[in-house]
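So the chains spell out like this:
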Amino acid sequence: ERERQREEYHLNVLQSSRLRLEDEIRVAHTELGTETRKKKILDDEKKRLMQTMDADRQAIINISSELKGIDADERTQKMQFVKEMESLNNELEFLLAQCENQKTIGLLD
């Protein structure tokens, strides 16, 4: 009788542990799903910004091509605009990389 009670006690302890572990697994899966969605949002944002930067670079190339037929004053103005645009693109790319690094670090924490 005593042996049976001890076995029942151990079964109850194991049952309790199993339920606790199942809950922990559910929570971990939920957190994983949340982090996966956050990563997808970040990846989509990065892709959108990269496309925007590529479009800006293409516009810069187009403007540069147009410079061949423009007089000196306009050429100087357009060149300044191209330099400013390139500088802004570089700054945007740097900020995007910083933001991505910070978000990645946040996801890892």
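Residue positions are given per chain, counted from 1 along the sequence in the order it is written. The predicted nature of this model means local features are confined to residues of pLDDT at least 70 and side-chain atom pairs, given and counted, to a pLDDT of 80 or more, with totals for whole chains, interfaces and linings taken over all residues. Heavy atoms throughout the structure, all of them, feed into the side-chain values; hydrogens and water do not.

Caption draft 1: The arrangement of the overall build of the protein in detail. For the protein, the count of helices and strands is two helices and zero strands. When we talk radius of gyration, it's over C-alpha atoms, and the globule rule is simply 2.2 Å times the number of residues to the 0.38. Taking 109 residues into account, the globule formula puts the C-alpha radius of gyration at 13 Å, and the protein, at 29 Å, lies well above it. Projected onto the principal axes, the alpha-carbon positions of the protein cover approximately 105 × 15 × 10 Å. Each residue is placed in one exposure class: buried if its accessible area under a 1.4 Å probe, protein chains only, is under 20% of its type's maximum, exposed if it is over 50%, and partly exposed if it falls in between. Within the protein, buried positions represent 8% of all 109 residues. Of the roughly 9,100 Å² that the protein leaves accessible, carbon and sulfur atoms contribute 57%. Residues counted as positive are Lys and Arg, residues counted as negative are Asp and Glu, and His and the chain ends are not counted. By convention, the point assigned to a charge is CZ for Arg, NZ for Lys, CD for Glu and CG for Asp. Charge-centre separation for the protein: the mean point of 19 positive side chains lies 4 Å from the mean point of 24 negative side chains. Working definition: helices are DSSP H or I runs of at least four residues, strands are E runs of at least two. Numbering for both runs from the N terminus. Note that accessible areas follow from Shrake-Rupley with a 1.4 Å probe, and for residues the cover is restricted to the protein chains shown.

Caption draft 2: A look at the pattern of salt bridges. When a carboxyl oxygen of Asp or Glu is within 4 Å of a side-chain nitrogen of Lys or Arg, the pair counts as a salt bridge. One pass over the full model with this rule turns up eleven salt bridges. Across the salt bridge formed by R6 and E3, the nearest N and O atoms sit 3.0 Å from each other. Of this pair, R6 and E3 both sit in helix α1 (residues 2–66), three residues apart, which is roughly one turn of that helix. Here the residues in one salt-bridge network are E1, R4 and E8, joined through shared partners.

Caption draft 3: Structural view of α1. A helix is expected to span 1.5 Å for every residue after the first. An ideal rise of 1.5 Å per residue puts 96 Å on 65 residues; α1 measures up with 95 Å between its terminal C-alpha atoms. For α1, the complete set of buried residues consists of L49, M53, I60 and I63.

Caption draft 4: Here's a closer look at the side chain of N89. Mapped onto the elements of the fold, N89 is located in helix α2 (residues 72–108). Note on N89: relative accessible area 2%, which makes it buried.

Caption draft 5: How the structure looks around the environment of L49. Locating L49 in the fold gives a position in helix α1. Sequence separation between L49 and E93 is 44 residues, and the spatial gap between their C-alpha atoms is 8.5 Å.

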